[in-house]
Amino acid sequence: MLPEILRGDLLERGYAVRQVTGQLAQVAGFATGGALLALLSPHAALVMNAVTFLLSAAVLAYGVAPRPAPVPAAGAVRSWSGDIAAGARTVFADPSRRTLAVVVWLAGTYIAPEGVAAPYAAQLGAGPVAVGLLLAAIPAGSVLGAIVFTRWVPQRTRERWMLPLAVAAGVPLMVSALAPSVAAITVLWALSGAAVAAALIQAQAGFVRRTPAEARGRATGLAAAGLIGAQGLGLLAAGLLAEWSSPAVAVAVTAAVASAGLAAVAMSRPARAL
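Keep in mind that what you see is a predicted model, and the values were worked out from it rather than measured. (Residues numbered from 1 in each chain as written. Predicted model: local features only at pLDDT ≥ 70, side-chain atom pairs only at ≥ 80, totals over all residues. Heavy atoms only, no water.)

Observations concerning the overall build of the protein chain
So the rule is basically this: Secondary structure elements follow DSSP: runs of H or I no shorter than four residues count as helices, runs of E no shorter than two count as strands, and numbering proceeds from the N terminus. Based on C-alpha atoms, the radius of gyration is set beside the globule rule, defined as 2.2 Å times the residue count to the power 0.38. Exposed residues in this analysis have more than 50% of their type's maximum accessible area, buried residues have under 20%, and partly exposed residues fall in between, with area computed by a 1.4 Å probe over protein chains only. Contacts between residues were defined by any pair of non-hydrogen atoms, one from each residue, lying within 4.5 Å. All accessibility values rest on the Shrake-Rupley procedure with a 1.4 Å probe; residue burial counts only the protein chains present in the view. In this tally, Lys and Arg are treated as positive and Asp and Glu as negative; His is ignored, and so are the chain termini. To locate a charge, take NZ of a lysine, CZ of an arginine, CG of an aspartate or CD of a glutamate.
A tally of helices and strands in the protein chain yields 14 helices and zero strands. Starting at the N terminus, the α and β elements of the protein chain follow one another as α-α-α-α-α-α-α-α-α-α-α-α-α-α. For 274 residues, the compact-globule formula gives about 19 Å, and the C-alpha radius of gyration of the protein chain, at 20 Å, lands near that figure. Taken along its principal axes, the extent of the C-alpha atoms in the protein chain is 60 × 50 × 40 Å. Counting the 274 residues in the protein chain, one finds 38% classified as buried. Contacts in the protein chain between residues at least 24 apart in sequence constitute 78% of all its contacts with a sequence separation of at least 6. Surface accessibility of the protein chain: about 14300 Å² in total, with carbon and sulfur atoms responsible for 72%. Here the protein chain holds 18 positive side-chain charges and 9 negative ones, and the gap between their average locations is 7 Å.

Here's what the structure looks like:
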């Protein structure tokens, strides 16, 4: 619905607001969850969390204005499996949409450090406070990057810098493997989060602009599912690498793989045509 409501440059700002509120909610969730566990049992805390989903459903049901659905194309598919196949064709048949989806998926793996934050802090001899700082670093950087990128950087500049920022986001994570302190690692992870947020906002906005209204729901659904899957694979890879080597090596390797993949995408013909 965002492209229908927010026209022109407002679309990126809408994605930025979504990014900022989502990341702030994540940080607040970590803090609130920890506080609840100090007062309640884990089961009671989970029940309270479930109630928030019911409240969210109520907001969506009663707080979002109804809008006319796009007119379906001739011969539109109505089955569940057909919808998935149609969404895949929409994403992968067009070079620009395919490229932007891959950028979003690869950039999503940059959250891998969050999966090894606790053992990383332990490796440095730090305690729970350090774990909290490391977990909050990438979301906090994302908030800063989203605000700065959409408020003070012109749209044409944002489009040109999308891919370079996506590639560069891996560099602070690789450097953090050599950092000697939690404070230095926190700053480096926040820098990476800022670059990732800037690249993701522009890639998502470009993706929906290039998708016809009647196919947008299927295409963005598939792209969003791919992002969640890529994040899960990144976290899994970081955990396995940390088991086999160390958390610092896991962060550096996963970041290097994502950065190399994005560099390959940036040098491809479809990316140069964006």
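A closer look at the environment of A215
With respect to the helices and strands, A215 occurs in helix α12 (residues 213-244). Taking the C-alpha atoms as reference, A215 lies 9.6 Å from V91; in sequence the two are 124 residues apart.

Topic: the nonpolar core
What counts here: For the purposes of this section, nonpolar cores are sets of buried Ala, Val, Leu, Ile, Met, Phe, Trp, Tyr and Cys residues that join through side-chain atoms within 4.5 Å.
Residues Y110, Y120, L134, W189 and F207 are the most contacted members of the largest nonpolar core, which totals 58 residues. At the level of secondary structure, the elements contributing two or more residues to this core comprise α2 (10-39), α5 (95-108), α7 (117-123), α8 (128-152), α9 (155-168), α11 (182-209), α12 and α13 (247-266). For this core, the element with the highest residue contribution is α11, accounting for 13 residues. Discounting chain neighbours no more than four positions away, the residues touching F207 are V91, R97, L100, A101, A219, T220 and A223.

Quick notes on the pattern of salt bridges
Rules: Criterion for a salt bridge: a side-chain nitrogen of Lys or Arg within 4 Å of a carboxyl oxygen of Asp or Glu.
A full pass over the atoms with the stated rule returns seven salt bridges. With a shortest N-O distance of 3.4 Å, R7 and E4 are connected by a salt bridge. Between D9 and R13 there is a salt bridge; the shortest N-O distance is 3.8 Å. A relative accessible area of 26% means that D9 is categorised as partly exposed. Judged by its relative accessible area of 37%, R13 falls in the partly exposed class.

Things to note about helix α3 (residues 42-63)
Using the following cut-off: Multiply 1.5 Å by the residue count of a helix minus one, and that product is the helix's expected span.
For α3, built from 22 residues, the straight-helix expectation of 32 Å at 1.5 Å per residue is met to within 8% by its first-to-last C-alpha distance of 31 Å. A small share of α3 lies buried, amounting to one of its 22 residues.

Regarding the packing of aromatic side chains
Condition: Aromatic pairs are defined between Phe, Tyr and Trp rings, using the six-membered ring for Trp, whenever the two ring centres lie within 6.5 Å; interplanar angles under 30 degrees are classed as stacked, those over 60 as edge-to-face, and all others as tilted. For a Lys NZ or an Arg CZ to count as sitting over a ring, it must be within 6 Å of the ring centre and within 35 degrees of the ring normal.
Scanning the model with the defined rule gives two aromatic pairs in all. Centroid distance F92 to W105: 6.1 Å. Interplanar angle 55 degrees. Geometry classified as tilted. Here F92 is found in helix α4 (residues 80-92), whereas its partner W105 is found in helix α5, with 13 residues between them in sequence. For F92, a relative accessible area of 37% gives the class partly exposed. Ring plane angle 70 degrees and centroid distance 5.6 Å describe the contact between Y120 and W189, whose orientation is recorded as edge-to-face. Of this pair, Y120 sits in helix α7 while W189 sits in helix α11, and the two are 69 residues apart along the sequence. Looking at Y120, the relative accessible area reads 1%, which means it is buried. What makes W189 buried here is its relative accessible area of 0%. One residue, R151, lies across the ring of W152, its end atom 5.8 Å from the ring centre.

Here we look at the packing of α12 against α13
As a reminder of what qualifies: Each axis is a line fitted through C-alpha atoms, taken for helices only over the stretch in contact, and angles between the N-to-C directions span 0 to 180 degrees. Orientation labels follow simple angle bins: below 35 degrees gives roughly parallel, above 145 gives roughly antiparallel, 65 to 115 gives roughly perpendicular, and whatever is left gives oblique. Here is the rule for handedness: rotate from the far helix to the near one, and if that takes an anticlockwise turn smaller than a right angle the crossing is left-handed, while a clockwise turn gives right-handed.
It is at 8 Å that the axes of α12 and α13 come closest, and there the two elements cross at 140 degrees. With respect to α13, the element α12 is oriented oblique. As for the relative orientation of α12 and α13, their crossing is right-handed in sense. Side by side, α12 and α13 meet where G234, A237, A238, L241 and A242 of the first sit next to P247, A250, V253 and T254 of the second.

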